[in-house]
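Residues per chain are reported as follows:
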Amino acid sequence: MSDVTSLLTTANRKELSQLLGKVNLHLLYKATVHGFDDDAFHAKCDKQGPTITVGYNKSGFIFGGYRGTDFGDCSDQVDNKTFLFRIPSEGKVPVYAVKKDAVTLWSNRQALSHFGYSLLHLLKSRETYGQYSFLNKSESNFLAVNDKLLIECEAYRVEELKTPWRHLTWTTGKRQEQINFIESYKPYMSSVSKARVLLIGPIGAGKSSFINSVNSIFRGHVTSRVLAGSGPTSTTTMYSTYSFRGGKDDKSLPFILCDTMAMGDKGGILSQDIISIIKGHVPNKYQFKAASPINADTADYIKSPTVGGRIHCVVYVINAGKVTECSTDIKNEIRAIRSQINKLEVPQVVLLTKVDEECPLIAKDLENVYHSDHIEKKVSAVGQQLGIPISCIIPMKNYWSDHELHYATDILILSALVQILRYADDYFENLHNLPSNI
């Protein structure tokens, strides 16, 4: 339920999830919302499969247990996978395993989350009791049973996550590997020093936010270098190119991100201007004109662009939450532009942004992005609508409301940038192998 909020922090949930492998914890029951009542508990939790029940006492202790079988079963059971846990204020979650082949699940509808006689939560009396006869080891007060007042009780369904539909390593080592790749990247063509990437997409999709996010990673803090907004009109009204600096020597990085006026049903960037940008004819800080595209007679028009001045990869930025809402006119415009870009043999990528807002599983933990069936379906829908291969569509979360960097967000952004640079190299290699260059 979207209006019921867990008392567990994101870190708490992640620690508990890791005790059971790659799982999601889905909140089923919360006593202060659904009632300190046996029937309310069973109405929410019976026949839900494996669960974790968490109790909170007035002293601030958090404790509970895992059971691998359904609530509502009518017989006492042996479950050697059952364990109890306590969540400390810091450090790892200690786990207390049950004795082998002990009756650990006691079926008494009045004593809820009853793990044998080792831990009982009594909802109607709002009390909790603990004993140690069924545990492999005893530790006095391990569940703070001297404070028996139960001020909250929550139950979570343990949902095993399926094999990810795309693999990505989520470690700080991977993050550094990605940064090293980007900082040491050299375009396939020696005559080009930087890969040039064009971002296009509808209003509010996150083009400018992606540029800010990339800049934030290499500056080491969240930045707002590019004006970004969420209103009904585009905050970008001119063509702007952005270079970046990073590394120990604060050296210039080997790529340029190019921002443009947003696409729109009315008053958006003209498709002719997009093609002119890709061909390298549009100067930096060119102010777009809604009624007339740039042409050879326009002041500052670049008549003979170099290879380095062209666009080497085009990135469509699309809000994951508006895939189905995107107007037919914009979809048709993207298809038409894509057809022209194909003739130029420029690689094209899609960033599917705001996936954390679209999927609660990802909002809880960004590392679940490639476990999400919902986002996988969104990726497939975009591929079908725009005729873009699934491998070229990358789910994305930008730094938008954050004040601090997070390694998982960095990894997702950097993985997209690494892939974009690889596609740019495909363009350079194809260009290098043309008969005129052999």
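This structure is a prediction, so every number in the text was calculated from the model and none was measured.

A. Structural view of the overall build of the protein chain. Across its full length, the protein chain carries 11 helices and 18 strands. Buried positions account for 51% of the 438 residues belonging to the protein chain. Long-range contacts, defined here as pairs at least 24 residues apart, represent 67% of the contacts in the protein chain between residues at least 6 apart. For the protein chain, the accessible surface area stands at approximately 20200 Å², while carbon and sulfur atoms represent 49% of it.

B. Layout of the environment of S216. Considering the arrangement of structural elements, one finds S216 in helix α5 (residues 207-219). Note: C-alpha distance between S216 and L405 (189 residues apart in sequence) is 7.8 Å.

C. Region of interest: the confidence of the model for the protein chain. Predicted confidence across the protein chain gives a mean pLDDT of 85, with 83% of residues reaching 70 or more. Between the elements of the protein chain, mean pLDDT differs from a low of 53, seen in strand β8 (residues 112-115), to a high of 98, seen in strand β18 (residues 393-395).

D. The environment of K148, seen in detail. Residue position: K148 is located in the loop between β10 (127-130) and β11 (150-160). K148 sits in the partly exposed class, given a relative accessible area of 39%. C-alpha of K148 to C-alpha of E127: the two residues are 21 residues apart in sequence and 5.2 Å apart in space.

E. Main features of the sheet that holds strand β17 (residues 348-353). Spatial ordering of the open sheet is given by β15-β13-β14-β12-β16-β17-β18, a layout of seven strands whose pairing is mixed. The two strands at the open ends of the sheet, each matched to only one other strand, are β15 (286-287) and β18. The pairing of strand β12 (residues 195-200) with strand β16 (residues 313-319) spans four bridges and is classified as parallel. Paired with L199 across the two strands is V315, which belongs to β16.

F. Structural detail: the pattern of salt bridges. Taken as a whole and judged by the stated rule, the model has 13 salt bridges. The partner of R157 in a salt bridge is E159, and the shortest N-O contact between them spans 2.7 Å. The class for E159 is partly exposed, based on a relative accessible area of 24%. Taking the shortest distance from any N to any O, the salt bridge between D250 and R245 comes out at 3.7 Å. Taken together, the shared-partner salt bridges in this structure form one network comprising K30, E152 and E154.

G. Focus on the pairing of strand β14 (residues 251-259). Along β14, seven of the nine residues are buried, which leaves the element largely enclosed by surrounding structure. Both β12 and β14 contribute to a ladder of four bridges, which runs parallel. Across the sheet, residue A195 finds its bridge partner in β14, namely F255. The hairpin formed by strand β13 (residues 238-246) and β14 contains four residues between the paired strands, and G247 there has a positive phi angle of roughly 85°.

H. Structural view of unusual backbone geometry. Positive phi values are uncommon outside glycine, yet K47 reaches one of about 55°. Assignment of secondary structure puts K47 in the loop between α3 (38-45) and β2 (51-57).

I. Just helix α7 (residues 328-344), in detail. An ideal rise of 1.5 Å per residue puts 24 Å on 17 residues; α7 measures up with 25 Å between its terminal C-alpha atoms. Among the residues of α7, those classed as buried are I330, K331, E333, I334, I337, R338 and I341. Looking down the long axis of α7, one finds its buried residues gathered within 155° of arc, a one-sided arrangement. Exposed and facing more than 90 degrees away from the buried side of α7 are T328, D329 and K343.

Criteria and thresholds
- Residues numbered from 1 in each chain as written.
- Predicted model: local features only at pLDDT ≥ 70, side-chain atom pairs only at ≥ 80, totals over all residues.
- Heavy atoms only, no water.
- Helix = DSSP H or I, 4+ residues; strand = E, 2+ residues; numbered from the N terminus.
- Buried < 20%, exposed > 50% of the residue type's maximum accessible area, 1.4 Å probe, protein only.
- Contact = heavy atoms within 4.5 Å.
- Areas by Shrake-Rupley, 256 points an atom, 1.4 Å probe, with all protein chains shown as cover.
- pLDDT = per-residue confidence, 0-100.
- Pairing = 2+ DSSP bridges.
- Salt bridge = Lys/Arg side-chain N within 4 Å of Asp/Glu carboxyl O.
- Expected span 1.5 Å × (residues − 1).
- Arc of directions from axis to C-beta.

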